Amino acid sequence: MTGAGQDVPWWQKAVGYQIYPRSFQDSNGDGIGDIPGIIARLDHLADLGVGFVWLSPVYASPQVDMGYDISDYRAIDPAYGTLDDMDRLIVEAGARGIRIVMDLVVNHCSDRHDWFLKAVADPSAPEHDYFIWRDPGPDGGPPTDARSVFGGPAWTLVPELGRYYFHQFAPGQPDLDWQNPDLRAAIHEMMNWWLDRGIGGFRLDVIDLIGKDPDASVFAEGPDLHPFLREMHDAAFRGRDTLTVGETWSVTPETALLYCGRDRDELDMVFQFEHVTAFHHPERGKWDPLPFDLPVFKRALFLWQEALRDDGWNALFLSNHDLPRQVSRYGDDGEWRVRSAKALATAIHLLRGTPFVYQGEEIGMTNTRFTDPDEFRDIEAIGHWAEARARGEELEDFLTGVNANGRDNARTPMQWSDAPNGGFTTGRPWIGVNPNHAEINVAADRADPDGVVAHYRRLIGLRRDRRIVSHGQFVAHAEGHPQVMAYARELDGERLSVVVNLCAQPVSFRVPKGLEVEGESLSANVTPRTQVRGTLGLAPYEAFAVMGPGGESGPG
Ligand code: GLC
Ligand code: CA
């Protein structure tokens, strides 16, 4: 068993909160969220008890992909504020015990970055070799048939040069050539520049792509990935008390410890997406999602609990800025909205790992309903609509997919109150506010002692205060049960039993032996329970956790 002692890294007892700055809080009425807006709302986060913020990109950017296309790594986009604002955010958050973990996009930059401008202007400039250039293929077309994530080829021709550059994402996001040691050194230097300003670490965007070999059509987890990460660790993280979490869509339980095993010196943890992609259509992907299936969902999450049982560390999440709202995806955003939001939170927050809350999740914000392509702001949805339309697809079918899984669902503004635009802005918001803000908002939820915020505050506190929550061993139960997610955590003769009905129907649940416990109610969304044994009648979306003597080394 690892980390049961008191002396554990801070991020093993902390909960993160992701801020999507464009949609969090606007302070100057231009309709775009900004850093002064975040500072004005820090007390909300402090009251929730989160230990750190994952801040989606605020760097200078033409916003082709909403900041995931950086044109200057050492400047703040004027829409978001200034470097002084950023320094103030670090200090103000720090004063509330919150660290700022910055989102860093180094697989690619923007085609407006000085490096790319120089690379195009002069092929003999050192910056030219910061990017991946290839001659046209034999037919004069792109060098390979690689496709970009946002639609179209992954190669774009620069006519003046007669050569193509590679971009895994939009043409405005040229991939950096990590094979070039000068590029790597420039990135490391920039990372140290930020770390020296006092940030708490980095979330590393699509970091599993940096070791790619595009000529062999190997993109994710390429041959040089781990040497590059080890080098980055040596150059930037060693000896610092930071948190590093990699976004890795391709990681598997077999490869996870290569990133975050304790003897690896690479990253602290990675985001895995198995519980997300399990519901993507095998051919048509995210735009044709499969129906929610609890045993599949549990299998993915439990597999990862087992895989990182003795080494490594899980990053726990259901939502982020690329995913639909969790209460709409995995819960019930109608009649059981509040209760299912709490049930999902209970299920995730009592697992072993570091939970991440996405802005608005803590009040049970829902997906929105797009009825017209003009409402999309996301390059991914816009690109896929263009392709679908060219294929002759019906708008209605396309909207079904986008409404289920489009990224703009998560990007509608934070709903603070029932004021116009949910209190997000006094101007015209850059993307429509969900009309349900009149009912679903922070002020209304907080006014209810049984609101979703109160439930999150409690779960976050449990992780901070109870070692069994942060470091207890995970034990899966009732794995095949179609309605109930159940597991135990065990530490030093104690057992924490977690039972969640993830359905809108009541269910009678026979408690397996290893889940039995009697003791203290740590969390409940219907009525507190102090006993888990026999056959329990569970209400729709009922979730609870009970702690008492038990477990391998305990009397029970
Ligand atoms: C990551 C980001 C996503 C972005 C992509 C390209 O997946 O989370 O928002 O579009 O990388 O940078
Ligand atoms: Ca603004």
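Preceding this section is the structure that the text describes.
Not measured: the values here are computed from a predicted model.

### Concerning the coordination of the calcium ion (ligand 2)
Phase 1 of the analysis: Taken together, Asp26 (OD), Asn28 (OD1), Asp30 (OD), Ile32 (O) and Asp34 (OD) make up the protein donors of the calcium ion (ligand 2), found 2.3 to 2.4 Å from the metal.
Phase 2 of the analysis: For the calcium ion (ligand 2), all donor residues lie on one chain, and their spacing in sequence is D-x1-N-x1-D-x1-I-x1-D.

### Here we look at the sheet that holds strand S15 (residues 484–491)
Phase 1 of the analysis: Pairing is antiparallel in the open sheet, where 5 strands are placed in the order S14-S15-S16-S22-S19. Where the open sheet ends on each side, the last strands, each with one partner, are strand S14 (473–477) and strand S19 (520–524). Strand-to-strand, the axes of this sheet are offset by a mean angle of 20 degrees, without reference to chain direction.
Phase 2 of the analysis: Examined bridge by bridge, S19 and strand S22 (residues 543–549) share 4 bridges and lie antiparallel to one another. The residue bridging Ala524 from the neighbouring strand is Phe544, located in S22.
Phase 3 of the analysis: Running over the sheet, helix H11 (residues 337–349) touches S15, strand S16 (494–501), S19 and S22 and is turned about 145 degrees from S16.

### A closer look at the side chain of Glu127
Phase 1 of the analysis: With respect to the secondary-structure elements, Glu127 resides in the loop between helix H4 (114–121) and strand S6 (133–134).
Phase 2 of the analysis: The charged side chain of Glu127 is buried without a salt bridge, its nearest counter-charge being Lys118 at 4.1 Å.
Phase 3 of the analysis: In contact with Glu127, not counting residues within four places along its chain, are Trp115, Lys118 and Ala119.

### Observations regarding helix H12 (residues 379–390)
Phase 1 of the analysis: In this model H12 runs 16 Å from its N-terminal to its C-terminal C-alpha over 12 residues, within 8% of the 16 Å that 1.5 Å per residue would give.
Phase 2 of the analysis: Within H12 the residues assigned to the buried category are Glu380, Ala381, Gly383, His384, Trp385 and Ala388.
Phase 3 of the analysis: Along its buried surface, H12 packs onto helix H13 (395–405).
Phase 4 of the analysis: Where H12 begins, the capping side chain belongs to Asp378, and its oxygen is found 3.1 Å from the backbone nitrogen of Glu380.
Phase 5 of the analysis: Just past H12, the residue Gly392 takes up positive phi, approximately 85 degrees.

### With respect to the packing of helix H5 (residues 181–196) against helix H6 (residues 225–237)
Phase 1 of the analysis: The N-to-C vectors of H5 and H6 enclose an angle of 40 degrees; their axes lie 9 Å apart at closest approach. The orientation of H5 with respect to H6, classified from their angle, is oblique. The chirality of how H5 crosses H6 is right-handed. When H5 is examined against H6, the residues Arg184, His188, Met191, Asn192 and Leu195 are found in contact with a partner set consisting of Phe228, Glu231, Met232, Ala235, Ala236 and Phe237.
Phase 2 of the analysis: Of the residues in the contact of H5 with H6, the class split is 7 nonpolar, 2 polar and 2 charged.

### Thoughts on the environment of Phe424
Phase 1 of the analysis: Within the secondary structure, Phe424 is located in the loop between helix H14 (408–411) and helix H15 (442–446).
Phase 2 of the analysis: Since its relative accessible area comes to 0%, Phe424 is described here as buried.
Phase 3 of the analysis: Taking the C-alpha atoms as reference points, Phe424 and Lys513, separated by 89 residues in sequence, lie 49 Å from one another.

### A short note on the site of ligand 1
Phase 1 of the analysis: If you check the shell around ligand 1, you find 14 residues, and the closest are Asp65, Asp205, Glu247, His321 and Asp322.
Phase 2 of the analysis: Between Asp205 and ligand 1, the recorded distance is 2.9 Å, taken from a side-chain N or O atom to an oxygen atom.
Phase 3 of the analysis: At 2.8 Å from an oxygen atom of ligand 1 is found a side-chain nitrogen or oxygen belonging to Glu247.
Phase 4 of the analysis: Here ligand 1 loses 97% of its free accessible area of 310 Å² to cover by the protein chains.
Phase 5 of the analysis: Of all the cavities here, the one that holds ligand 1 is the largest pocket.
Phase 6 of the analysis: Residues belonging to the shell around ligand 1 are distributed by class as follows: 4 nonpolar, 3 polar and 7 charged.

Rules of the game
Numbering of residues starts from 1 in each chain and follows the order in which that chain's sequence is written. In the order they appear in the text, chains get letters beginning with A and ligands get numbers beginning with 1. Selection of residues for local features in this predicted model requires a pLDDT of at least 70, selection of side-chain atom pairs for listing and counting requires 80 or more, and totals for whole chains, interfaces and linings are taken over all residues. Only hydrogens and water are set aside when side-chain values are computed; all heavy atoms of the structure are taken into account. Only nitrogen, oxygen and sulfur atoms count as donors, using a 2.8 Å cut-off from the metal that widens to 3.2 Å for Na, K and Ca. Water is left out, so coordination shells may look unfilled. Any two strands with at least two DSSP bridges between them are considered paired. Secondary structure elements are taken from DSSP: a helix is a run of H or I of four residues or more, a strand is a run of E of two residues or more, and numbering for both begins at the N terminus. For helices, the fitted axis covers only the stretch in contact; all axes are lines through C-alpha atoms, and the angles between them, taken along N-to-C directions, range from 0 to 180 degrees. Note on definitions: a residue-residue contact is assigned when non-hydrogen atoms from the two residues lie within 4.5 Å. Partly exposed describes any residue whose relative accessible area lies between the buried limit of under 20% and the exposed limit of over 50%, with all areas from a 1.4 Å probe on protein chains only and scaled to the type maximum. His is not counted, nor are the chain ends; Lys and Arg add positive charge and Asp and Glu add negative charge. Salt bridge, as applied in this entry: a Lys or Arg side-chain nitrogen positioned within 4 Å of an Asp or Glu carboxyl oxygen. By this rule, a helix spans an expected 1.5 Å times one less than how many residues it contains. Between N or O atoms, a polar contact is any pair within 3.5 Å; within protein, one atom must be a potential hydrogen donor and the other a potential acceptor, and residues adjacent in sequence are included only when both atoms are from side chains. Orientation categories follow fixed angle ranges, with anything under 35 degrees roughly parallel, anything over 145 roughly antiparallel, 65 to 115 roughly perpendicular, and all other angles oblique. We call a crossing left-handed when the near helix sits turned anticlockwise from the far one by less than a right angle, and right-handed when that turn is clockwise. Amino acid classes used here: Ala, Val, Leu, Ile, Met, Phe, Trp, Tyr, Cys and Pro are nonpolar; Asp, Glu, Lys and Arg are charged; the rest, including Gly, are polar. Each residue is tested against the molecule or strand, and it is near if at least one of its non-hydrogen atoms lies within 4 Å. We get accessible surface area from the Shrake-Rupley algorithm with a probe of 1.4 Å; when it comes to residues, only the shown protein chains can shield them. Definitions used for this entry: grid spacing 1 Å over protein atoms alone; cavity, a set of points where a 1.4 Å probe fits but cannot get out; pocket, an open set with protein on both sides within 12 Å along at least 5 of 7 lines; lining residue, one with an atom within 4 Å of a point. The way we define it, a molecule is inside a pocket or cavity when more than half of its atoms are within 2 Å of that pocket's grid points.

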